[in-house]
Amino acid sequence: MTGLATRSARTTPSVAFRWSTRAPPCRRLTSAGSTPERDVIYDTADEADSYDTTEGKVFTVSGGDWDQVEGDEGIAQRIVVNMGPQHPSTHGVLRLILELDGETVTEARSGIGYLHTGIEKNMEFRTWTQGVTYVTRMDYLAPIFNETAYCLGVEKLLGITDQIPERATVIRVMLMELNRISSHLVYLATGGMELGALTAMTFGFREREYILDVLETITGLRMNHAFIRPGGVAQDLPEGAEAKIAETVSSCASAARTPRTCWWTTRSGWRAPWASATWT
Amino acid sequence: MDNSIWMARTVGVGYLDLTGCMALGMTGPVLRATGPPGTCARRSPTAGYETYEFEVATQTSCDAYGRFLIRLEEMEQRLNIVEQCLDRLRPGPVMVEDKKIAWPAQLAIGSDGQGNSLEHIRHIMGQSMEALIHHFKLVTEGFRVPAGQVYSAVESARGELGVHVVSDGGTRPTGCTSGTPRSTICRPCRP
């Protein structure tokens, strides 16, 4: 954790916008108990800084800083933590400014844009086929979806949507669904990790690796596949791929019926790694 | 599932109801944790999803725990789609027939590990000058896409992933903008 700061005696008991409570976030600034002074501060913070350039207005969405956090007298101690972007669990793409009341996050602000690498602009200088190589890098946990959405758009423009071979469409759907499962596994794995249940993390990433093995067999890479192309897919399935997919699916499905061995497809199974972790 | 540590940190946390979701444009598991089975795979079928049999996981708790349950359930459901796909795989082409669009070089694993199909190389290098020209033009310049703009979307792991593609009729996109569910999910957080 970096940027740890303790603010004393200047907090409000009722924060206007809470992520971690039951107050609907879209109704910020209207909660009872927030003082006018606080509202003014939040109004200012809500508008991103901007400056004019020859290319137009450029906004700075930084997430602010902890010294902007002001409040009323009330809670004796409030901790404001800057989390990310260089934090193991935000891995360089997201910055969060968290206000903590004990262990409870009472407010979270986000600073986004760290993943911006000019992907869309770069695509304007490449061919339509090369564009797939760029969109697949927009999300390395679920790249197949990016490729498919882009290719569907290009095909619609080309007017060849009806001409896509059935086999290519089936392969696309199959890859998307495998990718969806591997993406959800990272959600479960990191969700456990961030609560200290490292067994959930190792199990989640292990199961995900089985699916990435299948993707590697088909596309040649674990991620950044650039496999789905305008007009179909880059290549046919290699020899033995169907058997490997069937094997992986059946092992996942059979494990689902065995809570002790498969923690992630069964609800009661979620407890197993959790309970075995020496963590209270 | 009923682990008290997990429950304490997810139940009632990150509450966002249907009204909030609609105001913020949320899709995917966050939206489905509020009740409606909204997936754009159903709403605007793409990639042939309408022909597969699958349920859409929903919850009504509007919180992080509901989203967790949705993902658990969804993984099981989507395994079924993969099985349906395996049943449907029939031999056939995987690229459109139009040679003006289809990528020409089929890769083939050679003795050196990888490379272009030797048959294809033989064809363009030794048999047909026109094939060589066509290959060269398609690979270096690319194909032309009629002018216009379209929006296409798929239901990704985290919600609706839309792409807005604009063409001026050339071999390169005039613009390509992605509307990703990742950025939408950041909206409830104050910037």
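For clarity, every value in this text was computed on a predicted model and none was experimentally measured. (Residues numbered from 1 in each chain as written. Chains lettered and ligands numbered in written order. Predicted model: local features only at pLDDT ≥ 70, side-chain atom pairs only at ≥ 80, totals over all residues.)

### Side note on the overall build of chain B
Helix and strand counts for chain B stand at eight helices and three strands. Seen in sequence order, chain B has helices and strands lined up from the N terminus as α-α-α-α-α-α-α-β-β-β-α. Expressed as a percentage of the 191 residues in chain B, the buried residues total 37%. When contacts within chain B are restricted to residue pairs at least 6 apart in sequence, those whose partners lie at least 24 apart make up 49%. (Helix = DSSP H or I, 4+ residues; strand = E, 2+ residues; numbered from the N terminus. Buried ≥ 20, exposed ≤ 12 C-beta atoms within 10 Å, placed from the backbone. Contact = placed C-beta atoms within 7 Å.)

### Focus: the pairing of strand β3 (residues 175-179) of chain B
Across a regular strand the side chains alternate sides, sitting on one face of the sheet and then on the other. Residues and elements named next belong to chain B. The alternating pattern of β3 places Cys-176 and Ser-178 on a buried face, while none of Gly-175, Thr-177 and Gly-179, on the opposite face, is buried. Of the strand pairs in this sheet, strand β2 (residues 159-167) and β3 are connected by five bridges, and their pairing is antiparallel. Residue Gly-162 lies in a different strand from β3, and its bridge partner there is Gly-179. (Pairing = 2+ DSSP bridges.)

### Focus: the sheet that holds β2 of chain B
The three strands are arranged β1-β2-β3 (chain B) in an open sheet whose pairing can be described as antiparallel. A strand with exactly one partner marks an edge of an open sheet, and here the two such strands are β1 (148-156) and β3 of chain B. Strand-to-strand twist in this sheet, taken as the mean axis angle between neighbours without regard to direction, amounts to 15°. Lying over the sheet, helix α4 (residues 143-158) of chain A contacts β1 and β2 of chain B, oriented at roughly 150° with respect to β1 of chain B. (Axes fitted to C-alpha atoms, helices over the stretch in contact; angles between N-to-C directions.)

### A few points about the interface of chain B and chain A
Facing the 77 residues of chain B at the interface are 85 residues of chain A. Sorting the residues of the side of chain B that touches chain A by element identifies α1 (4-10), α2 (18-24), α5 (64-88), β1, β2, β3 and α8 (181-185) of chain B as the ones contributing at least two each. The dominant element in the side of chain B that touches chain A, judged by the number of residues it contributes, is α5 of chain B, at 13 residues. Its residues placed into classes, the side of chain B that touches chain A shows 42 nonpolar, 22 polar and 13 charged. (Nonpolar A, V, L, I, M, F, W, Y, C, P; charged D, E, K, R; others polar.)

### Structural notes on the confidence of the model for chain A
Across chain A, the average pLDDT comes to 72, with 66% of residues at or above 70. In this model, residues 1-45 of chain A is a region of pLDDT below 50 whose contacts with residues beyond four sequence positions or in other chains number 91 contacts. (pLDDT = per-residue confidence, 0-100.)

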